[in-house]
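# Overview (structure and organization)
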Amino acid sequence: MSKNPIRLPPLPRLRVRNPNKREQNPCLTIMSSVLACWASAGHTGRACNTVEDALRACMDAPKPPPKPSNTINYHLQRLSSKLIKQASKNK
């Protein structure tokens, strides 16, 4: 068995694609229900009151605190210069 480490091919840049995924708005489905109700019954009818109240409650609810963003691309960029220098020394 060889004692040489496995070498990976050089990469033009180190980057992870979109580590921060956006969450869907929780009120979006209720809003589409309100719009569908208004389209079928008219916006002045009493048939849509329960759906409208649910939308108001959803919109008035406090927003959850934002999640911290992923910093992997920052750290890859910061360390890439050290990795490139190290790779050029090994050649």
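These remarks concern the structure in this document. Everything quoted here is computed from the prediction, not taken from an experiment. (Residues numbered from 1 in each chain as written. Predicted model: local features only at pLDDT ≥ 70, side-chain atom pairs only at ≥ 80, totals over all residues. Heavy atoms only, no water.)

### Things to note about the overall build of the protein chain
Looking only at helices and strands, the protein chain has three helices and zero strands in total. Per-residue burial over the protein chain gives 9% buried out of 91 residues. When contacts within the protein chain are restricted to residue pairs at least 6 apart in sequence, long-range pairs at least 24 apart make up 64% of them. (Helix = DSSP H or I, 4+ residues; strand = E, 2+ residues; numbered from the N terminus. Buried < 20%, exposed > 50% of the residue type's maximum accessible area, 1.4 Å probe, protein only. Contact = heavy atoms within 4.5 Å.)

### Topic: helix H2 (residues 49–60)
Structurally, the α-helix is built with 3.6 residues per turn, so residues lying three or four positions apart point the same way. Counted at 1.5 Å a residue, the expected span for H2 with its 12 residues is 16 Å, and the 16 Å between its end C-alpha atoms agrees. Buried residues of H2: Glu52, Leu55 and Cys58, and no others. Angularly, the buried residues of H2 cover 125° about the axis, an arc narrow enough to put them on a single face. When the buried face of H2 is taken as reference, the exposed residues oriented beyond 90 degrees from it are Thr50 and Asp60. The secondary structure elements touched by the buried residues of H2 are helix H1 (28–41). (Expected span 1.5 Å × (residues − 1). Arc of directions from axis to C-beta.)

### Description of the environment of cysteine 37
Within the secondary structure layout, cysteine 37 lies in helix H1. A relative accessible area of 14% places cysteine 37 in the buried class. Residues cysteine 37 and valine 51, spaced 14 residues apart in sequence, show a C-alpha to C-alpha distance of 8.2 Å.

### Topic: the pattern of salt bridges
Pairing is possible between side chains of opposite charge, provided their charged atoms come close. In total, this model carries two salt bridges according to the counting rule given. With its nearest N and O atoms 3.1 Å apart, the salt bridge here joins arginine 56 to aspartate 53. Taken together, the positions of arginine 56 and aspartate 53, both in helix H2 and three residues apart, correspond to about one turn of that helix. Owing to a relative accessible area of 49%, arginine 56 belongs among the partly exposed residues under this scheme. Exposure remark for aspartate 53: the relative accessible area of 47% places this residue in the partly exposed category. Through salt bridges that share partners, Glu52, Asp53 and Arg56 make up one connected network. (Salt bridge = Lys/Arg side-chain N within 4 Å of Asp/Glu carboxyl O.)

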